Amino acid sequence: LEKLDVETLKKKKKKKVEEEKPTSSTNNPPPEFDAEQEIPVDALLTPVQKKFLEIQKQREAQRAAKAAEKTHRQKIEDFNKYLANLSEHYDIPKVGPG
C-alpha cells in the first residue's frame, strides 16, 4: 500500500495580487459640488413624510414620559397588587355534592 502525502492532497490557495488602480478624474465629484455643503433632510421630504416624523417624535416623547412616571419598585408593587386581586385559577373547583 502506498502512503499518500497529506500535503500534496491539499489545494493551494491562489494569492490575490492587488493591482494599483489608476486614479481617474471620473471618480472625483464635480468641482462645483462641495462636500461640506449638505442639503437639509427636510428639503427632500414630502409634507406627509414631515408630518409622519413629527408625530413619531411626539409619540416617542410620550412613551419616554410614561416610562419615567414610576420607579421599578412602584411598578412591582402595582403588579403584585394586581396579582393579589386575581382569582386563583389553579384551585380545584368543587364539583358535585360532596
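Since this is a predicted model, take the numbers as computed values, not measurements.

Caption draft 1: Region of interest: the overall build of the protein. In terms of helices and strands, the protein carries four helices and zero strands. Starting at the N terminus and ending at the C terminus, the protein contains elements arranged as α-α-α-α. In the protein, which comprises 98 residues, the proportion classed as buried is 0%. Summing over all exposed atoms, the protein offers an accessible surface of approximately 11400 Å²; the carbon and sulfur share of this is 56%.

Caption draft 2: Geometry of the pattern of salt bridges. For the coordinates displayed, the defined rule picks out two salt bridges. Salt-bridge contacts for glutamate 60 lead to arginine 63; the nearest nitrogen and oxygen are separated by 3.0 Å. Residue glutamate 60 and its partner arginine 63 are both found in helix α3 (residues 47-67); the two are separated by three residues, about one turn of the helix. Residue classification places arginine 63 among the exposed residues on the basis of a relative accessible area of 52%. Between lysine 70 and aspartate 78 there is a salt bridge; the shortest N-O distance is 2.5 Å. The exposure class of lysine 70 is partly exposed, given its relative accessible area of 41%. The class for aspartate 78 is partly exposed, based on a relative accessible area of 32%.

Caption draft 3: Representation of a nonpolar patch on the surface in the model. A grouping of Phe79, Tyr82, Leu83 and Leu86 is seen on the molecular surface, where their side chains present a nonpolar patch of about 400 Å² in accessible area. Tracing the backbone shows phenylalanine 79 in helix α4 (residues 72-85).

Caption draft 4: Structural detail: the confidence of the model for the protein. Mean pLDDT over the protein works out to 76, with 60% of the residues at or above the 70 mark. Per-residue pLDDT, averaged within each element of the protein, yields its smallest value for helix α1 (residues 6-9) (61) and its largest for α3 (94).

Cut-offs and rules
- Here the residue numbering is sequential within each chain, running from 1 through the sequence in written order.
- Where totals are concerned, whole chains, interfaces and linings use all residues; where local detail is concerned, this predicted model gives features only for residues with pLDDT of at least 70, and gives and counts side-chain atom pairs only at 80 or more.
- By convention in this description, side-chain values take in all heavy atoms of the structure and omit both hydrogens and water.
- Each helix is a run of H or I in the DSSP string that is no shorter than four residues. Each strand is a run of E no shorter than two, and both are numbered from the N terminus.
- Only protein chains enter the area calculation, which uses a 1.4 Å probe; residues under 20% of their type maximum are buried, those over 50% are exposed, and those in between are partly exposed.
- Residue-level accessible areas treat just the shown protein chains as cover; the underlying method is Shrake-Rupley with a 1.4 Å probe.
- Whenever a carboxyl oxygen of Asp or Glu lies within 4 Å of a side-chain nitrogen of Lys or Arg, that contact is scored as a salt bridge.
- Patch definition: residues with relative accessible area over 30% and no salt bridge; like charges joined within 9 Å; nonpolar side chains (Val, Leu, Ile, Met, Phe, Trp, Tyr) joined within 5 Å.
- Confidence of the prediction at every residue is given by pLDDT, a number between 0 and 100.

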